[in-house]
Amino acid sequence: MSSSADRFARTAERVAAHQDARAERLAEQVRDFVELRGDERALDVGTGAGALAFALAPLVREVVGLDPVSELLELARARTLPSTEFVEGDGTALPFPDGAFDLGGTHRTLHHVAQPERIVGELARVTRPGGRVLVVDQLAPDDTAVAATLHDFETARDPSHTRLATDGELQELFAANGLELLRERHEEERRDLARYLDLADCAGDSRARAEALAAAHPCVLVASVGWYLLARR
């Protein structure tokens, strides 16, 4: 099992509880940001315990959630709705044909995978021409020194963390995969250090390292999150 899958398997219940606490807010954000008719077939890559899938469910005809971590999928399936389906799979090699979905989405997943470009490429492939792609993820600062400090903090906190992309890097990735930006939004999230470390089961030397970095650089507790709605050309 990869370090990412192992971390999420160990913290599945905690992740689901965190998701439940934020579910209403996420549903409002999705409804306000994504223009939907109500008859779409949607895909949520890296669904975890189903956060984005459940936010989309009242707004579309059908949602398929995909994740490699069976423990998280069990929690999603325990909450399943008539319009939701959850499958185990790899977001970098989706088990769906080209153009199978009207909307493809991923929510806070890209920074947990070694090759985020493959996730974006697969989302573009399985979304029909004229369909929509939704990407939400934490962003790296443009300042390289600040970005390096943030990377050190996130890596100490969570071994499943790989790398945050900047806004510019994501925009280049979207364009390279035939995705046209329709709208974007950036928002700041202020995090409580102890709760944030607990969510990732961060303990021992790793926790001490993360706490020291946060004390020296309080900026690591203010996350920039980018929302991108894109059209599949």
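As shown above, the structure is provided for reference.
In what follows, the accompanying structure is described. Just so it is clear, the structure is predicted and the values come from calculations on it, not from any experiment. (Residues numbered from 1 in each chain as written. Predicted model: local features only at pLDDT ≥ 70, side-chain atom pairs only at ≥ 80, totals over all residues. Heavy atoms only, no water.)

Below, the discussion takes up the sheet that holds strand β4 (residues 101-107). Spatial ordering of the open sheet is given by β3-β2-β1-β4-β5-β7-β6, a layout of seven strands whose pairing is mixed. In this open sheet, the two edge strands, each paired with only one partner strand, are β3 (84-88) and β6 (179-190). The mean angle between the axes of side-by-side strands here comes to 15°, regardless of whether they run parallel or antiparallel. The sheet contact formed by β6 and strand β7 (residues 222-232) spans eleven bridges and is antiparallel. When the bridges of β7 are listed, Glu 187 appears paired with Val 225. (Pairing = 2+ DSSP bridges. Helix = DSSP H or I, 4+ residues; strand = E, 2+ residues; numbered from the N terminus. Axes fitted to C-alpha atoms, helices over the stretch in contact; angles between N-to-C directions.)

This paragraph deals with the nonpolar core. The biggest cluster of nonpolar side chains holds 25 residues, and the ones touching the most others in it are Leu 43, Phe 96 and Phe 174. Of all the elements in the fold, those that place two or more residues in this core are β1 (41-45), β2 (62-67), α5 (116-126), β5 (127-138), α7 (167-176) and β7. Examining the composition of this core, we find that five residues originate from one element, α5, more than from any other. Excluding its chain neighbours within four sequence positions, the residues that come into contact with Phe 96 are Leu 43, Val 64, Leu 66, Val 87, Phe 101, Arg 125 and Val 126. (Core = buried A, V, L, I, M, F, W, Y, C linked by side-chain atoms within 4.5 Å. Buried < 20%, exposed > 50% of the residue type's maximum accessible area, 1.4 Å probe, protein only. Contact = heavy atoms within 4.5 Å.)

Counted according to the given criterion, the structure contains 17 salt bridges. One salt bridge in this structure joins Arg 191 and Glu 189, with 3.7 Å as the shortest N-O distance. Since its relative accessible area comes to 17%, Arg 191 is described here as buried. Note on Glu 189: relative accessible area 14%, which makes it buried. Each of the salt bridges in this network shares a partner with another, and the network as a whole consists of Arg 22, Arg 108, Glu 154, Glu 189 and Arg 191. (Salt bridge = Lys/Arg side-chain N within 4 Å of Asp/Glu carboxyl O.)

Looking now at the side chain of Thr 47. Relative to the assigned elements, Thr 47 resides in the loop between β1 and α3 (51-56). Relative accessible area serves as the criterion here: at 5%, Thr 47 is assigned to the buried category. Setting aside anything within four residues of it in sequence, one finds Thr 47 in contact with Ala 53, Gly 65, Leu 66, Asp 67, Leu 73 and Phe 86.

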